[in-house]
Amino acid sequence: MRKGEFGLENMSKEDYIGSTKEIDKWMYEKTINLRKICNDKDFEILKKLGIKCNNLVCSEYEFAVLLIKMYEYYDYEKLKRKEKLTSKEERILDEYIYEQSLREKDVKKGYITSEIEERSLDGTGVSLEEYEKLLSKLDTRNMEIKLQQEIRIIERRERKLLR
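A brief structural summary. (Residues numbered from 1 in each chain as written. Predicted model: local features only at pLDDT ≥ 70, side-chain atom pairs only at ≥ 80, totals over all residues. Heavy atoms only, no water.)

Overview of the overall build of the protein
Phase 1 of the analysis: A count of helical and extended segments in the protein gives six helices and two strands.
Phase 2 of the analysis: Going through the 163 residues of the protein one by one, you find that 30% of them count as buried.
Phase 3 of the analysis: Of the contacts formed within the protein by residues at least 6 apart in sequence, a portion of 62% connects residues at least 24 apart.
Phase 4 of the analysis: Put simply, the protein shows about 11,400 Å² of open surface, and 51% of that area lies on carbon and sulfur atoms. (Helix = DSSP H or I, 4+ residues; strand = E, 2+ residues; numbered from the N terminus. Buried < 20%, exposed > 50% of the residue type's maximum accessible area, 1.4 Å probe, protein only. Contact = heavy atoms within 4.5 Å. Areas by Shrake-Rupley, 256 points an atom, 1.4 Å probe, with all protein chains shown as cover.)

Focus: the packing of aromatic side chains
Phase 1 of the analysis: As enumerated under the stated definition, the model contains three aromatic pairs in all.
Phase 2 of the analysis: An angle of 75° between the planes, with centres 5.2 Å apart, marks the rings of W26 and Y61 as edge-to-face. Here W26, found in helix α1 (residues 13-28), pairs with Y61, found in helix α3 (residues 60-71); they are 35 residues apart in sequence, far enough to count as distant.
Phase 3 of the analysis: A relative accessible area of 34% places Y61 in the partly exposed class.
Phase 4 of the analysis: A centroid spacing of 5.6 Å and a plane angle of 50° characterise the contact between Y71 and Y74, whose relative ring orientation is tilted. (Phe/Tyr/Trp six-rings, centres within 6.5 Å; stacked < 30°, edge-to-face > 60°.)

So, the pattern of salt bridges
Phase 1 of the analysis: Enumeration over the complete set of coordinates arrives at 12 salt bridges.
Phase 2 of the analysis: A salt bridge links K137 to D42, with the shortest nitrogen-to-oxygen separation between them at 2.4 Å. Linking K137 in helix α6 (residues 128-162) with D42 in helix α2 (residues 40-48), this pair joins segments that are 95 residues apart in sequence.
Phase 3 of the analysis: Taking relative accessible area as the criterion, D42 reaches 7% and is therefore assigned buried.
Phase 4 of the analysis: When the shortest N-O distance is used, the salt bridge between R91 and E95 registers 3.4 Å. Of this pair, R91 and E95 both sit in helix α5 (residues 87-109), separated by four residues, roughly a single helical turn.
Phase 5 of the analysis: Residue R91 is classed as partly exposed on the basis of its relative accessible area, which comes to 21%.
Phase 6 of the analysis: Classification of E95 as partly exposed rests on a relative accessible area of 31%. (Salt bridge = Lys/Arg side-chain N within 4 Å of Asp/Glu carboxyl O.)

With respect to α6
Phase 1 of the analysis: With 35 residues, α6 ought to run about 51 Å at 1.5 Å a step, and its terminal C-alpha atoms sit 50 Å apart, in line with that.
Phase 2 of the analysis: Every buried residue belonging to α6 is among Y131, L134, L135, L138, D139, R141, N142, I145, Q149 and R152, and all of these are buried. (Expected span 1.5 Å × (residues − 1).)

Describing α5
Phase 1 of the analysis: With 23 residues, α5 extends 33 Å between its outermost C-alpha atoms, agreeing within 8% with the 33 Å of an ideal straight helix rising 1.5 Å per residue.
Phase 2 of the analysis: The complete set of buried residues in α5 reads E89, I92, L93, Y96 and Q100.
Phase 3 of the analysis: Tucked inside the fold, the buried residues of α5 contact α3 and α4 (76-81).

Observations concerning the nonpolar core
Phase 1 of the analysis: In this structure, L34, L49, F63, M70, Y74, Y131 and L138 are the most contacted members of the largest nonpolar core, which totals 29 residues.
Phase 2 of the analysis: Listing elements by their share of this core, those giving two or more residues are α2, α3, α4, α5 and α6.
Phase 3 of the analysis: Apart from residues lying up to four places away in sequence, F63 is in contact with I32, L34, I37, C58, L138, R141, N142 and I145. (Core = buried A, V, L, I, M, F, W, Y, C linked by side-chain atoms within 4.5 Å.)

Here's the deal with the state of the cysteines
By definition, a disulfide links the sulfur atoms of two cysteines through a covalent bond.
Phase 1 of the analysis: Taken as a whole, this structure holds zero disulfides when the rule is applied.
Phase 2 of the analysis: Here C38 stays free of any disulfide, with the sulfur of C53 as its closest cysteine sulfur at 6.7 Å. (Disulfide = S-S within 2.5 Å.)

In structure tokens form, the structure reads like this:
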């Protein structure tokens, strides 16, 4: 990994090494067992949506990709039109707007070729209720992963301060 990737260029060597280890863990370490999160019906829903789960044990990165594919079916336009949003809906909409802005920049720079693809549940054989229930399961696990990542970062900083 080059130092300019992931905004690591202004870090000390120690912080850089810690951050690259965290990124490697996120990308490659198989720590998430999808069987502990999803049941057979959930896997059937993923299959109907065209989302492949080749590995039942995956990295945090692979799980994030799975969640991104699930969110391709989310009705953001409906969410934008709502007058009052729950805190979860606000977070989802904020993340969507942020992701869209990042994608637009990446498209302009030529890093990627398209905007976020939005899909419809129509014709998939998956009801909105089934979709939202599975998305909630996956999103809850994703929040747990983010919390674990933050804890690892704090622990790394604490170890650094104790030296």
